[in-house]
Amino acid sequence: RHESLLGALGKAVYTHDLLADTYEWSGACEEVFGVPAERLPRDGRAFLERLHPDDAVGGWAALRGAAARGVPVTLRYRFTDAHGRVRWLDDRALA
């Protein structure tokens with residue numbers, strides 16, 4: 001049910017288990033990221049490889065800091081899809 005709602009809204013959601021360093025994806029992944037969910041990164045290293053170098057270090061530090069404090073964080077970063085296109089993404093996270 002939530003999957004249908006996310007798809008209709010054109011939103012994708014991911015869960016990142018910081019301890020296990022694993023990602024799970026759902027929603028409109030192909031629309032948002034340019035690839036289906038099964039082709040999206042499954043760990044932090046693979047995710048960072050898809051981020052623009054100017055965004056990767058600061059974004060990762062902001063996520064870690066928010067997780068340590070237990071507060072939400074909003075990020076804007078560039079993500080390279082499987083076709084080499086750069087997509088600007090707005091990311092809201094809660095750890």
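Note on numbering: residues in each chain are counted from 1, in written sequence order. Local features are withheld for residues below a pLDDT of 70 in this predicted model, meaning they are given only at 70 or higher, and side-chain atom pairs are given and counted only at 80 or more; totals for whole chains, interfaces and linings count all residues. Side-chain descriptors were evaluated using all non-hydrogen atoms of the structure, hydrogens and water having been removed beforehand.

Colleague: What is the right way to look at the overall build of the protein chain in this model?
Modeller: Each helix is a run of H or I in the DSSP string that is no shorter than four residues. Each strand is a run of E no shorter than two, and both are numbered from the N terminus. Broken down by element type, the protein chain carries four helices and four strands. N-terminal to C-terminal, the α/β element order of the protein chain is α-β-β-α-α-α-β-β. Taking as baseline every contact in the protein chain between residues at least 6 positions apart, the subset at least 24 positions apart corresponds to 31%. Just so you have it, the protein chain exposes about 6100 Å², and 53% of that area is on carbon and sulfur atoms. We call two residues in contact when some of their heavy atoms are within 4.5 Å. The Shrake-Rupley method, run with a 1.4 Å probe sphere, supplies the accessible areas, and residue values consider only the shown protein chains as cover.

Colleague: Teacher, can you tell me more about the environment of Gly10 here?
Modeller: Its location among the elements puts Gly10 in the loop between α1 (2-9) and β1 (12-17). When accessible area is computed with a 1.4 Å probe and restricted to protein chains, residues below 20% of their type maximum are described as buried, those above 50% as exposed, and intermediate ones as partly exposed. Accessibility expressed as a relative area gives 17% for Gly10, which makes it buried. C-alpha separation for the pair Gly10 and Glu31, spaced 21 residues apart in sequence, amounts to 6.9 Å.

Colleague: Explain helix α4 (residues 53-69) to me, please; I cannot follow it from the model alone.
Modeller: Each α-helix winds once per 3.6 residues, and so residues spaced three or four apart point in a common direction. Expected helix span is given by 1.5 Å per residue-to-residue step, counting one fewer step than there are residues. Given a rise of 1.5 Å per residue, 17 residues ought to cover 24 Å, and the 25 Å separating the end C-alpha atoms of α4 matches this to within 8%. Where α4 is concerned, the buried positions are Asp55, Ala56, Gly59, Leu63, Gly65 and Ala66. Where α4 is buried, its residues contact α3 (44-50), β3 (72-80) and β4 (86-94). Looking one or two residues past α4, Gly70 carries a phi angle of roughly 70°, positive in sign.

Colleague: Even after reading the chapter, I still don't get the packing of aromatic side chains, so can you show me in this structure?
Modeller: How two aromatic rings sit relative to each other is set out by the distance from centre to centre and by the angle between their planes. When the centres of two rings from Phe, Tyr and Trp lie within 6.5 Å, Trp using its six-membered ring, the rings pair. Their planes under 30 degrees apart give stacked, over 60 give edge-to-face, and anything left gives tilted. In this structure the tally under the stated criterion is 10 aromatic pairs. Pairing Tyr14 with Trp25 gives two aromatic rings, centres 4.9 Å apart and planes at 45°, and the pair type is tilted. Residue Tyr14 is found in strand β1, and its partner Trp25 is found in strand β2 (residues 22-27); the two are separated by 11 residues along the sequence. Residues Tyr14 and Trp25 agree in their burial class; the two are buried. When the ring of Phe47 is compared with that of Phe79, the centres are 6.0 Å apart and the planes differ by 45°; the resulting orientation is tilted. Taken as a pair, Phe47 in helix α3 and Phe79 in strand β3 lie far apart in primary sequence, 32 residues in all. The two residues Phe47 and Phe79 agree in class, both being buried.

Colleague: Just to check I follow, could you spell out the pairing of β1 for this structure?
Modeller: A regular strand carries its side chains on alternate faces of the sheet. Two strands make a pair as long as DSSP finds a minimum of two bridges between them. Relative to β2, β1 runs antiparallel, the two sharing six bridges. Bridge pairing links Ala12 to Gly27 in β2. Taking the residues that link successive antiparallel strands as the turn, the β1-β2 hairpin has four residues, and the phi of Asp21 there is positive, at about 55°.

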